[in-house]
Amino acid sequence: MTWSLPHFRRAVARAPGRLLALVALALLAIACNEAHPRNTLQPIADTGDISAWFYHMLLWVDVVILVLVMGVWTFAVLKYRQRPGDTELPPQDFGNHKLELIWTVLPTIIVIAITVPTVGGIFKLAERPDPNQKIIVVEITGKQWWWEFDYIKEGINTANELHVEAGTQVLLHMTSADVIHAWWVPRLGGKRDATPGRRQDMHFIAREVGTFDGQCAELCGASHALMGTRIIVHPPAGEDSYQHWVEEQQEKAKEPAAGSPEEKGRKVFLEKGCVACHSIAGVAELAPGARSRTSGPNLTHVGGRTRIAANTLENNVDNLAKWIKNPQSIKPGALMTNLGLTDEDAKAVATYLFSLK
Amino acid sequence: MASIADFAGAQPPVYHQERESKYGLSDWLTTVDHKKIGILYGISGLAGLAVGGLEALLFRIQLAQPDQHIFVGDQFNGLVTMHATTMVFMAVMPLIAAISNYFVPLMIGARDVAFPRLNAFSYWTFLFGVLLMHSSLIFAEFPAAGWTGYAPLTTKPYGAGGIDFWWAGLAMLAISSMIAGVNFVVTILNMRAPGMTLMRVPVLAWMILVVQFLLAFSFPPVTVGLILLAFDRTFGSVFYETSMGGDPHLWQHLFWLFGHPEVYVLILPSMGIVSEVLPVFSRKPLFGHHAVIFSGIFIGFVGFGVWGHHMFTSGMGPIADAAFAVTTAIIAVPTGVKIFNWLGTLVHAKMRLTTAMLFAVTFIPQFTIGGLSGVMHASPPLDLQQHDSYFVVAHFHYVLVGGALTGLFAGAYFYLPKITGRLLDETLGKIHFWMFIIGFNLTFFPMHLLGNNGMPRRIFTYPADAGWNTENMIGTIGVVFQVVSVLIFFYNMMVSSKKGAVAGSDPWDANTLEWMIPSPPPVHNFDFTPVVLSERPLWDHKYTPGFEITVPAQREEIHMPSYSWRPIIVSGFVLLVLIGLLSHIWALSVVGGVGIVVGVYFWVSEPV
């Protein structure tokens, strides 16, 4: 079949309408969509504000340019068609030096105009926190597939859920124990790579109290998708204050009552070899002089965490038991050993761990 | 008015050595004809497009809804890795190679490339590399470290056996690309028809020339990176092992020093195609012809100085970040120049909206969207949020699918009639066009929102309450549209190449030399070497009095290279070396190494 003008003119006339209808439907569907708990454009910290400012600035520049290009494009495509029977050649126009100059110089000016604040933003984000103010320092280590948080000064070692105080400077030292990870809580601000053998710093001041989710952003193996994290921003004072949390965490693990199901769970925990990878302050301490780092998360206050398996499951006895029984069924390739516990033993350990608030 | 019928009277040249065009198996295996090699690249590229598309369809099904368990963990990661590796190296690059091989000699009025046997060697090395990498599915499992292969995820403790096939396959593709780069640089610079000054070289051939320089200079760094990786995995060296003093950032720098120019390898030829198709169907010259060429050259140079923008989150420090932010933003200027000149070509045109033209015209806004989101990433404070998120996925698919692949589709509808001698069906073509464009935008436009809403790339599942459900479902529906449209395209090619309307030499009333010879062209391409008087030799022959291409009175005497088994044999020995390294059967590698040396000796001493 050869090209026939009336035929495709009809097709061309109909198709954009269909396209527009589809796009409109899609946009409508998106607009009426669910809540966006990880919206990078609703930041809760100073670093996120900087990123969002650049987003909006550049979005406006982009929209203006796109409207300009699309305007000329649409006008040309609609107007400059060969009409049937028209065999005359259009003017053979080879170019225009003045126009070339304009559309080289103008974009150059725009590029300079956006580059100057960009460089400013880069150095702003690289500033060190003010040493005269309070700083919460946390060492983050990415591991396949969970996050270890070490509060060196406070002597707290915990996992996956980062607790900080609203309005206080937080300084994160980031590294990795195996492959490259990237710690990203979208509402907090940009991500940073956690690279083995390197330390990268990131600091921020969160201003909104609440719980905000994030996850690893650098492909790190089979369960990369399930390497979640969460930041819990405490108010500076009151029942739920950061200081309160710190004091709780500094306590040793809760002692189960004699003869209770929890005590049975602790027995299984100690006998089945969980202590090879996990420590519990006061129960399964590391050898003196050993590094505080462990290959599995520190479980001293695991019952107090909101989620388990790196923000994958709700923290409750059932989920804990499911995870202990067969970690790989929840996270493909999970490095935690499947100890082949009976349902009863798994349940007992889960009950014990959940009691460690 | 002169017409191309004038050339029919030319006497075919005198062969010093007869070379018939045959199409048996051994003819394909031993061919050194740039047109046949172009067809081989084309078929390989289309097969790659099908495989890469299938992989995309599979993982989009997994992502259609939250918490699905169809492809989990490394199955999903393997699909994602192979999708990207296949689309970049085994679909878009060979399709570009197909057009380069088939049309560069025709466009510049040559009878073949500078080194025809080396050209065959490039193809076979490419094909063996592709097969080697895909054989991972049989002998091990798909590599699952992402197409960027970030160490240490690719090193022995973390990367399974599929990674060995990945580096070995990529190494062969790198050898193929570097050699092809040198071959085509020499061809375009030395084998132009008399009168074809550099500024009269068609824009597509110019962009391909820039790309060949990019190939020749950007593949060496990644090849070094791959060799270091091979040593780490095969012999236990520690280039990427931090506990022994190695550094994973070394890989990132080596990879992106290749990886960013590679982006221009993929997009510049499509820009060239658009620069050829727009003027022909607008019936006027390309606006700002020289500006389009020089901006392409400028992009080629600056493209080597921007790789760090892929590493803003890695902690290079504010000074390096600032430097790469500035160089990256600069690239927006020549890119803008090209876009404005294409728009200038459309203004006052008399457009014929054939399928080729529809694709070429649509390239402009789609590529513009991809370019503009690229300007956003150039700003590190913002890129820290967008890096490794779906916003980036949207960005590079607008450039590589909305740009590169759309341009290649324009090229297919424009150039295939020259190869097959028959026009593609326009109705099927328009269905392909609309389904593809709608599907593409359905899939990738919502991904900008996913990125803004915090969805990281390369995750095999996501929770239902993260706010990503709708866009992912729409995305999967869009992929189905795209897959169906490409199937229609395949069907169109198969049917039209046999039953389509006969194209004749010049079906589009085109500008350049390849349209003055029959479709498909004879083995020797041109009965006589045309003398080029302008940047639009064929157009001026038809429409500008005084610029006719004259047929010489004398028959030309030519010598075409003969068939040769040697390129494919040497290429087979290269494969043998790598198989030996993979299987740890060192004897194979030794045999392969000796075979290469002996084979090259017989190659250079072969009478042609």
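Procedures and definitions
Residues numbered from 1 in each chain as written. Chains lettered and ligands numbered in written order. Predicted model: local features only at pLDDT ≥ 70, side-chain atom pairs only at ≥ 80, totals over all residues. Heavy atoms only, no water. Domains from an automatic or database assignment. Contact = heavy atoms within 4.5 Å. Salt bridge = Lys/Arg side-chain N within 4 Å of Asp/Glu carboxyl O. Polar contact = N/O pair within 3.5 Å; in protein donor to acceptor, adjacent residues only side chain to side chain. Helix = DSSP H or I, 4+ residues; strand = E, 2+ residues; numbered from the N terminus. Pairing = 2+ DSSP bridges. Axes fitted to C-alpha atoms, helices over the stretch in contact; angles between N-to-C directions. Core = buried A, V, L, I, M, F, W, Y, C linked by side-chain atoms within 4.5 Å. Buried < 20%, exposed > 50% of the residue type's maximum accessible area, 1.4 Å probe, protein only. Patch = residues over 30% accessible without salt bridge, like charges linked within 9 Å, V, L, I, M, F, W, Y side chains within 5 Å. Areas by Shrake-Rupley, 256 points an atom, 1.4 Å probe, with all protein chains shown as cover. Lys, Arg positive; Asp, Glu negative; His and termini not counted. Charge placed at Lys NZ, Arg CZ, Asp CG, Glu CD. Phe/Tyr/Trp six-rings, centres within 6.5 Å; stacked < 30°, edge-to-face > 60°. Lys NZ or Arg CZ within 6 Å of the ring centre and 35° of its normal. Buried area = accessible area lost by both parts, 1.4 Å probe.

**Student:** Which residues make up the domain arrangement of chain A, and what values go with them?
**Tutor:** All names here are of chain A. Per the domain assignment, the segments making up chain A are domain 1 (37–80 + 128–239) and domain 2 (261–355). Distance between the C-alpha centres of domain 1 and domain 2: 28 Å. With 23 residues of domain 1 at the interface, the matching set in domain 2 holds 20 residues. On the surface where domain 1 and domain 2 come into contact, there are zero salt bridges. Where domain 1 touches domain 2, the interface holds 11 residue pairs in polar contact (both at pLDDT 80 or more). Of all the secondary structure elements, the ones that give two or more residues to the side of domain 1 that touches domain 2 are strand E1 (135–143), strand E2 (146–151), strand E3 (156–159), strand E9 (210–216) and strand E10 (228–234). In terms of residues, the side of domain 1 that touches domain 2 owes the most to one element, E10, which gives four residues.

**Student:** I'd like a description of the sheet that holds E10 of chain A, backed by residues and values.
**Tutor:** Residues and elements named next belong to chain A. Strand order in the open sheet formed by five strands is E4-E10-E9-E6-E7, with mixed pairing between adjacent strands. Unpaired on one side and paired on the other, strand E4 (161–165) and strand E7 (192–194) mark the two borders of the sheet. Ignoring strand direction, the axes of neighbouring strands in this sheet form an average angle of 25°. Here strand E6 (residues 181–184) pairs with E7 via three bridges, running antiparallel. Across the sheet, Trp183 pairs through a bridge with Arg192, a residue of E7. Sheet strands touched by helix H4 (residues 242–250): E4 and E10. Its angle to E4, the strand with the most contacts, is close to 135°.

**Student:** Kindly report on the nonpolar core, identifying the contributing residues and their values.
**Tutor:** Membership of the largest hydrophobic core comes to 237 residues, with the highest contact counts inside it found for Leu172, Trp183 and Leu188 of chain A together with Phe89 of chain B. Ranked by the residues each element gives to this core, the list is headed by helix H3 (residues 73–107) of chain B, at 22 residues. Filtering out sequence-adjacent residues up to four positions away, Leu188 of chain A remains in contact with Ile44, Ala45, Thr47, Gly48, Trp183, Met202, Phe204, Ala206 and Ile231 of chain A. Core analysis: the next-biggest nonpolar cluster, separate from the first, contains 23 residues, Ala253, Val268, Leu313 and Ala346 of chain A among them.

**Student:** An account of the sheet that holds E2 of chain A is requested, with residue identities and associated values reported.
**Tutor:** All names here are of chain A. Judged by pairing direction, the sheet is mixed, and its five strands sit side by side in the order E3-E2-E1-E5-E8 without closing on themselves. A single partner strand is all that each edge strand has here, and the edge strands are E3 and strand E8 (200–205). Taken over all neighbouring pairs, the strand axes of this sheet differ in orientation by 25° on average, direction set aside. Across six bridges, strand E5 (residues 169–176) lies against E8 in antiparallel orientation. Paired with Leu171 across the two strands is His203, which belongs to E8. Lying over the sheet, H4 contacts E1, E2 and E3, oriented at roughly 100° with respect to E3.

**Student:** Describe a negative patch on the surface, listing the residues and the values that go with them.
**Tutor:** Residues and elements named next belong to chain A. Taken together, the side chains of Glu239, Asp240, Glu247, Glu248 and Glu251 present a region of like negative charge at the surface. By the secondary structure assignment, Glu247 is in helix H4. The exposure class assigned to Glu247 is partly exposed, which follows from its relative accessible area of 42%.

**Student:** How would you sum up the packing of aromatic side chains? Please name residues and give values.
**Tutor:** By convention here, two paired aromatic rings are described through the distance between centres and the angle between planes. Scanning all chains against the criterion turns up 56 aromatic pairs over all chains. Centre to centre, the rings of Trp147 of chain B and Phe255 of chain B are 5.2 Å apart; their planes meet at 70°, and the pair counts as edge-to-face. One end of the pair, Trp147 of chain B, is in the loop between helix H5 (136–139) and helix H6 (162–190); the other, Phe255 of chain B, is in helix H8 (residues 248–282), and 108 residues separate them in sequence. Neither residue differs from the other here; Trp147 of chain B and Phe255 of chain B are each classed as buried. Taken together, the ring pairs connect Phe89, Trp147, Trp166, Phe219, Tyr240, Trp251, Phe255, Trp256 and Phe258 of chain B into an aromatic cluster. Across from the ring centre of Trp184 of chain A, 3.9 Å away, lies the NZ or CZ of Lys191 of chain A, which sits over that ring. Lying over the aromatic face of Trp28 of chain B, Lys36 of chain B brings its terminal NZ or CZ to 5.6 Å of the ring centre.

**Student:** How would you summarise the domain arrangement of chain B if you had to cite specific residues and measurements?
**Tutor:** Residue and element names in this part refer to chain B. In terms of domain boundaries, chain B breaks down into domain 1 (4–14 + 33–561) and domain 2 (569–608). In this structure, domain 1 and domain 2 have C-alpha centres spaced 30 Å apart. On the domain 2 side, the residues contacting the 16 residues of domain 1 number 14 residues. Summing the contributions of domain 1 and of domain 2, the shared interface buries around 1400 Å²; its carbon and sulfur component is 79%. For the interface between domain 1 and domain 2, the tally reads one salt bridge. In this structure, Glu606 engages Arg117 in a salt bridge whose closest nitrogen and oxygen atoms are separated by 2.7 Å. Between the two partners, domain 1 and domain 2, sit three residue pairs in polar contact (both at pLDDT 80 or more). At the level of secondary structure, the elements contributing two or more residues to the side of domain 1 that touches domain 2 comprise helix H4 (116–134), H6 and helix H7 (203–235).

**Student:** Please set out the pattern of salt bridges residue by residue, giving values where relevant.
**Tutor:** Where side chains of opposite charge bring their charged atoms close, a pairing between them can arise. Applying the stated criterion across every chain, the model contains 27 salt bridges over all chains. With a shortest N-O distance of 3.4 Å, Glu148 of chain A and Lys143 of chain A are connected by a salt bridge. Lys143 of chain A shares its class with Glu148 of chain A; the two are buried. Of the charged contacts in the structure, one is a salt bridge between Asp201 of chain A and Arg199 of chain A, with a shortest N-O distance of 3.0 Å. Through salt bridges with shared partners, one network takes in Arg283, Asp506, Asp509 and Lys542 of chain B.

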